[in-house]
Amino acid sequence: MRSPIPDYLAEALQSVESDTTGATADYIPELADADPDLLAAAFCTEDGRLYSQGDVDVAFSIQSISKPFVYALALADRGFDEVLGKISVEPSGDAFNDMSLEEGTGRPRNPMINAGAIATHTLAGRRGADPKDRIERIIDGLSAFAGRPLDVDEAVYESEIATAYRNRALANMLRANGIIDEDPLIAVSGYTRQCSVRVTVEDLALMAATLANRGVNPRTGAPVVPAPAVRQTLSVMATCGMYDGAGDWMTRVGIPAKSGVSGGLIGALPGQAGLATFSPRLDDHGNSVRGVDLFQRFTSDMGMHLMEVPPPGPSVVRSRRVFGHGPLAVQVVSLQGSIRFAGAERILRDFEDDPPEQKRIAISLVRVGSVGDVARRMILEAIRRLTLDGHDLFLIDPDGVLPDPDPGDGGRVTVVGRREDIAGFVRK
Ligand code: GLU
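Report follows, based on the coordinates.

Reading guide: rules and limits
- Residue positions are given per chain, counted from 1 along the sequence in the order it is written.
- At least 70 in pLDDT is required for a residue's local features to be given in this predicted model, at least 80 for side-chain atom pairs to be given and counted, and no such filter applies to totals for whole chains, interfaces and linings, which use all residues.
- Here the side-chain values reflect all heavy atoms present in the structure, with hydrogen atoms and water set aside.
- Whether two aromatic rings pair depends on their centres lying within 6.5 Å, for rings of Phe, Tyr and Trp, where Trp uses its six-membered ring; planes under 30 degrees apart make the pair stacked, over 60 edge-to-face, and the rest tilted.
- Comment: elements are numbered from the N terminus, with helices defined as DSSP H or I runs of at least four residues and strands as E runs of at least two.
- Exposure classes here rest on a 1.4 Å probe applied to the protein chains alone. A residue is buried below 20% of its type maximum, exposed above 50%, and partly exposed in between.
- Here a residue counts as near a molecule or strand whenever at least one of its heavy atoms sits within 4 Å of it.
- For the purposes of these results, a polar contact is taken to be a pair of N or O atoms within 3.5 Å, where, inside protein, one atom must be able to donate a hydrogen and its partner to accept one; residues adjacent in sequence count only when each atom of the pair is a side-chain atom.
- Shrake-Rupley sampling with a 1.4 Å probe provides the accessible areas, and residues are treated as covered by the protein chains on show and by no other component.
- The rule is simple: put a 1 Å grid over the protein atoms alone, call a set of points where a 1.4 Å probe fits but cannot get out a cavity, call an open set with protein on both sides within 12 Å along at least five of seven lines a pocket, and count a residue as lining if it has an atom within 4 Å of a point.
- Pocket or cavity membership: a molecule qualifies when more than half of its atoms sit within 2 Å of the grid points of that site.
- Each residue gets one label: Ala, Val, Leu, Ile, Met, Phe, Trp, Tyr, Cys and Pro are nonpolar, Asp, Glu, Lys and Arg are charged, and the others, such as Gly, are polar.
- Definition used in this section: a nonpolar core is a set of buried Ala, Val, Leu, Ile, Met, Phe, Trp, Tyr and Cys residues joined via side-chain atoms within 4.5 Å.
- In this description, contact between two residues means that some pair of their heavy atoms is separated by no more than 4.5 Å.
- Salt-bridge detection follows one rule: a side-chain nitrogen of Lys or Arg within 4 Å of a carboxyl oxygen of Asp or Glu.

For any pair of aromatic rings, the description consists of the separation of the ring centres together with the inter-plane angle of the planes. Applying the stated criterion across every chain, the model contains six aromatic pairs. Ring geometry for Phe-43 against Phe-298: centres 5.0 Å apart, planes inclined by 85°, an arrangement best described as edge-to-face. Of this pair, Phe-43 sits in strand β1 (residues 40-45) while Phe-298 is found in helix α13 (residues 289-302), placing the two residues 255 residues apart along the sequence. When its relative accessible area of 6% is taken as the criterion, Phe-43 is described as buried. For the pair Phe-60 and Phe-278, a centre-to-centre distance of 3.8 Å together with 5° between the ring planes defines the contact as stacked.

Written out as C-alpha cells, the structure reads:
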C-alpha cells in the first residue's frame, strides 16, 4: 500500500496555493528578493519517517527558527541558572524586534524575540569560548538537530549585517544592562550568522522532530540536547514562538511553534512529530501567511492540538486473578499500557479499595510498555506498604520496564525476570 500522507500534504499545499496575500520581508534585501511563490511542507514522525511535498529542495536561511534550537543548546551548555539569569521566559506581546527589556531585571523578556535571541547566542558553547568557536558550536548543534552538516548562506549574512541597525541597537542595550559582556557588534555578527544557516523544509521537519523526540535525532539516533532542555524550549515556543500572535496561535493551532522571516515555520508535537512549512510571504506579525494556514489545516484535519487528549484508554489494571490454593495462593495483578501519574493512582486506589486477601501478590508488568518515573515511585511505595501489611510481593517484569525496583524502608519485592520463570512461578 502507498501511504496516503504524501497525497494529503499535496492536497493541503494545493488548497493554499492561490493565496498571494502578504509580502516577503523587506528589511533584509536578500530576503526581499526571494521567490514569493515557493511552497513546501514536511512531516517527520518521532521515529524518523519523513514525508514532504512541494519545493522541498529549495534551501533558505533559517532566520528566527534558529532561536529555539540555540536556546536548547545554551541550556545544555550553560545550565538553567545561567541562562534564566540572563533571559526571562514571559511572552512579550510585542513585535520580534521590540526594543524593551524587563523592568527591574533588565533581562530580555524571552529568548524568541531578537533581544533575547542575541543574548542566547552569547550563551551557547563553553564559557569564555572565542566567538569563532561559539558559532562553530552553534552550526554543529543545528546540524545535529537536522542530522546533516549545514552551512551559512554568506549572501544573506552580508545582506543582513549591512543593515542590522536595529539588532545592533538591541545588542548595545543588552551590553549597557550587563546582559552580555562582550563587544555588541561581535554578538550581532554571530547571531546574524546563526540566522543565515541554510536549511530545507525537510531539515526543519527533522529538527522539529528531534525536539518532539526528547532531544534525540530520530534518524541518526544522536542525543542532541537533554530532555529538560527540550521541555523548557517547547514551553517557551508554546508561549512566545509566534511573536505577538502567540496567544491566538496557541488557542487555534495548539502546537509549540516558531516562525522565521524567510518564510519557514516549524511545529513540534511532543511524542508525535515535527512539522515544517515554507512560503515566503509574511503577515503583519512576520509569520508566513500560507504557513499559518497550513498549520491550521494540519491541526484540524489531524487532531494535533496539544490540549486535545484522546478519550481515556482501558484501565491500567487489566485483571486481578488468583492462582493456587491455601497458603500458596497468589493474586496476580496484571497491568497494561504506559503508566504515568494517573495510571499509578488507579493502581494504588485499587489496592486500597479492594485489599488482596492472599499473602502472596504478584504485580505483572508483562503488558506494560513504559513506567514514568513518578509512576515507578508510586508503585514501589504501594509495594512497600503492602509488605508492611504482611504480604510477600513479586514483580513480573521480563523486559525491565521498572528499573531499580527497590521499595526501601521495610519494603521487599522479588523480581521474577525471565519469561520461562513466570509460568513456573504462577503455577507454584
Ligand atoms: N535575522 C532576523 C532578525 O534578526 C530574524 C528575524 C526573524 O526571523 O523573525 O531580524
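Now that the structure has been shown, the text picks up again.
A word on the site of the ligand. Near the ligand the following residues occur: Tyr-27, Gln-63, Ser-64, Phe-96, Asn-114, Glu-160, Asn-167, Tyr-191, Cys-195, Tyr-243, Gly-260 and Val-261. At a separation of 2.9 Å, an oxygen atom of the ligand approaches a polar side-chain atom of Asn-167. If the ligand stood free it would expose 290 Å²; the protein chains cover 99% of that surface. With respect to the detected pockets, the ligand is housed in the largest cavity. Residue composition of the shell around the ligand, grouped by class: six nonpolar, five polar and one charged.

Moving on: the nonpolar core. Of all hydrophobic cores here, the largest spans 69 residues; its most connected members are Phe-145, Leu-204 and Met-207. Setting aside residues no more than four positions away along its own chain, Leu-204 makes contact with Phe-60, Ile-62, Ile-65, Val-199, Gly-264, Ile-266 and Ala-276. Leu-335, Ile-361, Val-368 and Met-378 belong to the second-largest nonpolar core, a separate cluster that totals 24 residues.

Let us now look at the side chain of Ser-279. Looking at the element boundaries, Ser-279 is found in the loop between β7 (273-278) and α13. Excluding anything up to four places from it in sequence, Ser-279 contacts Leu-38, Leu-39, Gly-263, Ser-288 and Arg-290.

Summed over all chains, the structure comprises 23 salt bridges. Between Arg-137 and Asp-77 there is a salt bridge, and its shortest N-O distance comes to 2.8 Å. Of this pair, Arg-137 sits in helix α6 (residues 131-146) while Asp-77 is found in helix α3 (residues 66-78), placing the two residues 60 residues apart along the sequence. On the accessibility criterion, Arg-137 (26% relative accessible area) is partly exposed. Given a relative accessible area of 29%, Asp-77 falls into the partly exposed group.

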